[in-house]
Amino acid sequence: MKAVLLPLLLLAGTLAVPGAQAQAPAVLAASESNVLLEGEQRFRPQWSARGLVAAQEPLASAAGAAILRQGGNAVDGAVATAFALAVTLPQAGNLGGGGFLLLWLPGPSPARQRGCLAGAAPELAIGGGTAVAVNFRETAPAAATATLFLGPDGQVDRARATRSLLSTAVPGSVAGLALAQRCYGRLPLPQVMAPAIRLAADGFPVSKELSDSLAAAAPRLQADPVSRRQFLPPPLPGTRLRQSELAATLRRIAAEGENGFYRGPVANALVAAMARGGGLISHNDLRAYRARLVRPLRREFRGHPVLSMPPPGGGLTLLQLLGILEPFDLAGSGLNAAASLHPMAEAMNLAYRDRNALLGDPDQVPVPVERLLSAAHLDALRRRLDPRRHIPAPALEAAAAREGTNTTHLSVADRQGGLAALTTTLNFPYGNGISVPGMGFLLNNEMDDFTALPGSANAFGLRQGAANAIAPGRRPLSSMAPTLVFRPDGRPWIATGSPGGSRIITTVLQVLLNRMVHGLNLAGAVAAPRIHSQLWPDRIDAEEGLSPDSRRLLEAMGHSVRQAPAMGAANSVEVLAAGGSLGAVDPRRAEGPAVAE
Ligand code: DON
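Residues numbered from 1 in each chain as written. Predicted model: local features only at pLDDT ≥ 70, side-chain atom pairs only at ≥ 80, totals over all residues. Heavy atoms only, no water.

Caption draft 1: Summary view of the packing of helix α15 (residues 338–358) against helix α19 (residues 504–516). Their axes nearest at 12 Å, the elements α15 and α19 cross at an angle of 140°. With respect to α19, the axis of α15 lies oblique. Handedness of the crossing formed by α15 with α19: right-handed. Across the interface between the two elements, Met344, Met348, Tyr352 and Arg355 of α15 pack against Ile505, Thr506, Leu509, Gln510 and Leu513 of α19. In the contact of α15 with α19, the residues fall into six nonpolar, two polar and one charged. (Axes fitted to C-alpha atoms, helices over the stretch in contact; angles between N-to-C directions. Helix = DSSP H or I, 4+ residues; strand = E, 2+ residues; numbered from the N terminus. Parallel < 35°, antiparallel > 145°, perpendicular 65-115°, else oblique. Left-handed = near helix turned anticlockwise from the far one by under 90°. Contact = heavy atoms within 4.5 Å. Nonpolar A, V, L, I, M, F, W, Y, C, P; charged D, E, K, R; others polar.)

Structure representation (structure tokens):
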């Protein structure tokens, strides 16, 4: 591969020669002239002698940290934080949505003993411990069909795909959190859920972020009488928001586990709302829903094992990007330089081409995971990459985007070095804006992540293919990519992930490159300006901070570059080799710091 690439690179003069494949984990910057010690960097991660939680909203982080202090492990901490986010961050934290969790715990796994593995072998042994992924992505209801969102004119009815009850897929969050906790947690569920129940019942002071976000979503929330009563007019910052119906639903789940959601009064209310409002979800759909333990995808990047979420999650595309970019000397070219950004953007387009055309729910459609991650395929993609020129999307062929502003990601480290990375969402902020009467929670509009019509763009501008068509029981393709990185000897190192719709994968990529290649500390790696490209639309979106001369150089290579709103919120943690941990909440959406155990 190098033999092919090298002459091209030398010819180009804009890119440094591919560098060493292996780098020591603690290297701070690869180019000698550019070495900064951790303490000299502009951003400082939080430090804890034991564990910590990095989440979007500090009351939820504190809920998780309290559970760590009570002897919970990273999974207990993540589950406690996720349930608390369903209360304090209703735009993304949820009971009515879904998500993915990646976890690593030291020592032998408790899951077999607890009857969680029955025949399946989802666990991956690494670093003297166990890694596993939890897939709690929503599923299409049994009555859903491929043409569900097409109007009489054969075009996609965007309102139906995003704002109606038809846009709601069968929720997975409660099943996923309960499964993770039952199979890998250390504390009883009622104890882990107690902080969330308190926050819902007693209320909490509304943050500026929540107040603004409710005001922005008011038109959608206004349309549903239950959401309107609960959330509008938007409470002013500092006002207490109490959610007694949500507290009752949480208590039911704490007492009965997932049956408290998928059966009984909550299920009855959800199914009745569907029947009244033209939705498809039935009792059978709810009873049939299963969260799954699945084997994380694994690929080495410069000697570091990287584990991420398999399809329908975004980890395959992330690992492809790392694989394409591995030989490039991005550190030598420099952070934020056109010479680094060009190959990154081109690699993104190549990887999104595969994603758009080939990825879907592997439980229902054949997804060539091994081939797409093979050295041969990644070398072939790299050979398509012209180091001097942008390849326009039509030439590359395939199939773009408005920032959806909410999904949320949390990362947890416990005192034993256990890690959890959990991304969860309702898709849009507040999902489709519709609440289940009497139950205190909002419904997702995740059905829009399916291909409504091949080649036509969804809310994130993604033009996807038939592999991601709507079908009963199928999970829509997602970009969510909770990710764990290990040290070359297998010990756990970093947990990260992000919201951002189709920008999730490229956000996680840049956090990893900033930390592992450019030598930024965790806080700097999370804060640094990001770019994004996804083939269609054919342009690079760049956050503020891209220098004008980098922009001019990129334009000279044929890129169109647009200054874009902030992308993602990559709340991350890192386990220190000497013990203790670091946390970095993304400053783009920080409402407060990471919280130490
Ligand atoms: O699963 C996905 O890819 C999308 N439903 C995620 C939506 C999202 O991240 C919106 N927030 N920023």
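So that's the structure; there's more coming.
Caption draft 2: Fine view of the pattern of salt bridges. Here the structure, examined in full by the defined rule, presents 22 salt bridges. The residue Asp449 makes a salt bridge to Arg137 at a minimum N-O spacing of 2.6 Å. Since its relative accessible area comes to 8%, Asp449 is described here as buried. Looking at Arg137, the relative accessible area reads 0%, which means it is buried. (Salt bridge = Lys/Arg side-chain N within 4 Å of Asp/Glu carboxyl O. Buried < 20%, exposed > 50% of the residue type's maximum accessible area, 1.4 Å probe, protein only.)

Caption draft 3: Focus on the layout of surface pockets. Empty space within the second largest pocket amounts to approximately 310 Å³. Taken together, 16 residues line the second largest pocket, and the ones lying closest to its centre are Cys116, Leu179, Ala291, Arg292 and Leu293. For the lining of the second largest pocket, the leading source of residues is helix α5 (residues 173–184), giving four residues. The residue makeup of the lining of the second largest pocket, split by class, is 11 nonpolar, one polar and four charged. (1 Å grid on protein atoms, 1.4 Å probe; cavity = no way out; pocket = protein on both sides within 12 Å on 5 of 7 lines; lining within 4 Å. Points joined across faces, edges and corners; volume = space filled by probe spheres on them.)

Caption draft 4: Spotlight on the nonpolar core. Formed by 88 residues in total, the largest nonpolar core has its most connected members in Phe83, Leu95, Tyr184, Leu250, Leu293 and Phe441. The element best represented in this core is helix α3 (residues 74–88), accounting for 11 residues. Beyond its immediate stretch of four places on either side in the chain, Leu95 contacts Phe83, Ala86, Pro171, Ser173, Val174, Leu246, Thr249, Leu250, Ile253, Phe261 and Phe441. (Core = buried A, V, L, I, M, F, W, Y, C linked by side-chain atoms within 4.5 Å.)

Caption draft 5: Here's a closer look at the sheet that holds strand β19 (residues 581–584). One open sheet holds the seven strands; their spatial order is β1-β19-β18-β14-β13-β10-β9, and the pairing between them is antiparallel. Where the open sheet ends on each side, the last strands, each with one partner, are β1 (46–48) and β9 (297–301). Between one strand axis and the next, the sheet turns by 20° as a mean value, whatever way the strands run. Here five bridges tie β9 to strand β10 (residues 304–308), and the two strands are oriented antiparallel to one another. When the sheet's bridge partners are listed, Arg298 is paired in β10 with Leu307. Running over the sheet, α19 touches β9, β10, β13 (483–486), β14 (492–496) and β18 (572–575) and is turned about 145° from β14. (Pairing = 2+ DSSP bridges.)

Caption draft 6: Highlighting the sheet that holds strand β17 (residues 561–563). Strands sit in the order β15-β16-β17 across an open sheet of three strands; the sheet is mixed. Each end of this open sheet is capped by a strand with a single partner; those strands are β15 (531–532) and β17. Pairing analysis gives three bridges linking strand β16 (residues 540–542) to β17, with the strands arranged parallel. Its bridge partner lying in β17, Ile540 is registered against Val561. Set on the sheet, helix α21 (residues 548–556) makes contact with β16 and β17; between it and β17 the angle comes to about 145°.

Caption draft 7: Main features of unusual backbone geometry. Put simply, Leu232 and Pro233 share a cis peptide bond, and its omega is -10°. Cis geometry marks the peptide bond from Pro311 to Pro312, where omega comes out at 10°. The phi torsion at Arg302 lies on the positive side, around 50°, for a residue other than glycine. Counting through the fold element by element, Arg302 comes out in the loop between β9 and β10.

Caption draft 8: Representation of the packing of α3 against helix α9 (residues 244–256). Where α3 contacts α9, the two axes come as close as 11 Å, and the packing angle between them is 160°. Classified by the interaxial angle, the pair formed by α3 and α9 is roughly antiparallel. The chirality of how α3 crosses α9 is right-handed. Between α3 and α9, the residues in contact are Phe83, Ala86 and Val87 and Leu246, Leu250 and Ile253, respectively. Across the contact of α3 with α9, the residue classes tally to six nonpolar, no polar and no charged.

Caption draft 9: Expanded view of empty space enclosed by the protein. In this structure, the largest cavity spans a volume of roughly 160 Å³. In this model, the second largest cavity occupies a volume close to 110 Å³. As for the second largest cavity, its lining consists of 15 residues, of which Leu335, Asn336, Leu341, Gln510 and Pro529 are closest to the centre. A class-by-class count of the residues in the lining of the second largest cavity yields seven nonpolar, six polar and two charged.

Caption draft 10: Broad picture of helix α2 (residues 58–69). Between its first and last C-alpha atoms α2 spans 16 Å; for 12 residues at 1.5 Å apiece the expected length is 16 Å, and the two agree. Within α2 the residues assigned to the buried category are Ala60, Ser61, Ala63, Gly64, Ala65, Ala66, Ile67 and Leu68. The inward-facing, buried residues of α2 contact β2 (52–54), α3, α6 (189–202), β11 (407–413) and β20 (595–596). The backbone nitrogen of Leu59 has a side-chain oxygen 3.1 Å away, supplied by the residue at the start of α2, namely Glu57. Downstream of α2 by one or two residues, Gly71 has phi in the positive range, about 100°. (Expected span 1.5 Å × (residues − 1). Polar contact = N/O pair within 3.5 Å; in protein donor to acceptor, adjacent residues only side chain to side chain.)

Caption draft 11: Just the state of the cysteines, in detail. This model, assessed by the stated rule, comprises one disulfide. Here Cys116 is linked by a disulfide to Cys183, with a sulfur-sulfur distance of 2.1 Å. On the S-S bond that ties Cys116 to Cys183, the torsion sits near -95°, and the link is left-handed. Of this pair, Cys116 sits in the loop between β3 (98–106) and β4 (124–126) while Cys183 sits in helix α5, and the two are 67 residues apart along the sequence. Here the two residues Cys116 and Cys183 agree in accessibility, since each one is buried. (Disulfide = S-S within 2.5 Å.)

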